[in-house]
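Topology and contacts: notes
So the chains spell out like this:
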Amino acid sequence: IQSKAIPLLLSHHGDFVGQAQTGTGKTAAFGIPLIEKIDPSAKTVQAIILSPTRELAVQISEELKKLSKHKRLRILPIYGGQDIGVQLRALRQGVQIVVGTPGRVVDHLHRGTLQLSQIKHFVLDEADEMLDMGFLEEIEEILTHAGTERSIWLFSATLSGQIRGIAKRFMTDPREVKIQKNTATTENTEEIYYAVQEHNKFEALCRLIDHAK
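Residues numbered from 1 in each chain as written. Predicted model: local features only at pLDDT ≥ 70, side-chain atom pairs only at ≥ 80, totals over all residues. Heavy atoms only, no water.

Looking now at the overall build of the protein. Of the regular secondary structure elements, the protein holds nine helices and seven strands. Relative to a compact globule of 213 residues, whose C-alpha radius of gyration would be 17 Å, the protein shows 18 Å and is just as compact. Along the three orthogonal principal directions, the C-alpha set of the protein runs to about 55 × 40 × 35 Å. In the protein, which comprises 213 residues, the share counted as buried stands at 46%. Contacts in the protein between residues at least 24 apart in sequence constitute 73% of all its contacts with a sequence separation of at least 6. Accessible surface for the protein amounts to roughly 12100 Å². Of this, 49% is attributable to carbon and sulfur atoms. In the protein, 26 positive and 26 negative side-chain charges are present, and the distance between their average locations comes to 7 Å. (Helix = DSSP H or I, 4+ residues; strand = E, 2+ residues; numbered from the N terminus. Rg over C-alpha atoms; globule rule 2.2 N^0.38 Å. Buried < 20%, exposed > 50% of the residue type's maximum accessible area, 1.4 Å probe, protein only. Contact = heavy atoms within 4.5 Å. Areas by Shrake-Rupley, 256 points an atom, 1.4 Å probe, with all protein chains shown as cover. Lys, Arg positive; Asp, Glu negative; His and termini not counted. Charge placed at Lys NZ, Arg CZ, Asp CG, Glu CD.)

Right, here's the structure in full:
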């Protein structure tokens, strides 16, 4: 997805739909072109990225900070469960990129603490997961606050009827890139997870490392 999306997004100024499985590097696929298009001298919100969970919002934010370390951009994750005062202070100081969950972004819009009318880029990451979690109304509300002078980049593992509906309503002649499912990940990778208590995570990780030696 990176090899196909990055050159297109760097040169293309319109809407975009990228279909690729989770774990194929979508963050860099939209993050690198997005960083190149942000003006670091302007202290206003120029881009917003919606993600389905706070964990993913934090992950995206941290990766963008690494990718943009030489441009000194201000990137802020906003999500439920974090002290909203921290987010309010950061927004007042000036942020160029906001990475947020739909519920908390709507909260800020209702408070008047987040303005999206002047943004240039709107990214929907893992759009299918957000819809599966019931965020359709929040997504549509946020999109209506984004003004018209913005491009929308939508990334999703699947392109359901609901996602097509969002594209039809809010996007204009989007360019599409699709990565075939059977070539998205290696067949030699085995995925295993263990459910542990939060306070036992580090000890469990150490035991797994010792076992794998």
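Let's shift gears to a nonpolar patch on the surface. On the surface, Ile-192, Tyr-194, Val-196 and Leu-208 cluster together into a nonpolar patch covering about 400 Å² of accessible area. Locating Val-196 in the fold gives a position in the loop between strand E7 (175-178) and helix H9 (201-212). (Patch = residues over 30% accessible without salt bridge, like charges linked within 9 Å, V, L, I, M, F, W, Y side chains within 5 Å. Salt bridge = Lys/Arg side-chain N within 4 Å of Asp/Glu carboxyl O.)

Next up on the list: the pattern of salt bridges. Enumeration over the complete set of coordinates arrives at eight salt bridges. Between Glu-176 and Arg-164 there is a salt bridge, with the nearest N and O atoms lying 2.5 Å from each other. In this pair, Glu-176 is assigned in strand E7 and Arg-164 in helix H8 (residues 161-170), connecting sequence segments 12 residues apart. Given the relative accessible area of 38%, Glu-176 is considered partly exposed. Across the pair Glu-203 and Arg-207 runs a salt bridge whose closest N-O atoms are separated by 2.9 Å. Pair noted here: Glu-203 and Arg-207 are both in helix H9, with a separation of four residues, about one helical turn. Exposure remark for Glu-203: the relative accessible area of 43% places this residue in the partly exposed category. According to the relative accessible area criterion, Arg-207 is exposed, its value standing at 57%. Linked by salt bridges that have partners in common, Arg-104, Asp-107 and Arg-111 make up one network.

Our next topic: the side chain of Thr-24. Mapped onto the elements of the fold, Thr-24 is located in the loop between strand E1 (16-19) and helix H2 (26-37). On the basis of relative accessible area, Thr-24 is assigned to the buried category, the value being 16%. Among the polar contacts made by the side chain of Thr-24, one reaches the main-chain carbonyl oxygen of Gln-21 at a distance of 2.6 Å. (Polar contact = N/O pair within 3.5 Å; in protein donor to acceptor, adjacent residues only side chain to side chain.)

Another point: the sheet that holds strand E4 (residues 97-100). Here seven strands make up an open sheet; going across it, the order is E3-E4-E2-E5-E6-E1-E7 and the pairing parallel. Looking at the sheet topology across the chains shown, the edges are occupied by strand E3 (75-78) and E7. Adjacent strand axes in the sheet meet at a mean angle of 15° when their direction is disregarded. Sheet analysis places E1 next to E7, joined by four bridges and oriented parallel. Pairing of Gly-18 across the sheet is with Val-177, part of E7. Of the strands in this sheet, E1, strand E6 (151-156) and E7 touch helix H1 (residues 2-11), which is tilted by about 165° from E7. Packed on one face of the sheet, H2 meets strand E2 (47-50), E4, strand E5 (121-124) and E6 and runs near 165° to E6. (Pairing = 2+ DSSP bridges. Axes fitted to C-alpha atoms, helices over the stretch in contact; angles between N-to-C directions.)

Note that every value here comes from positions in space, so none of it alone points to a role or purpose.
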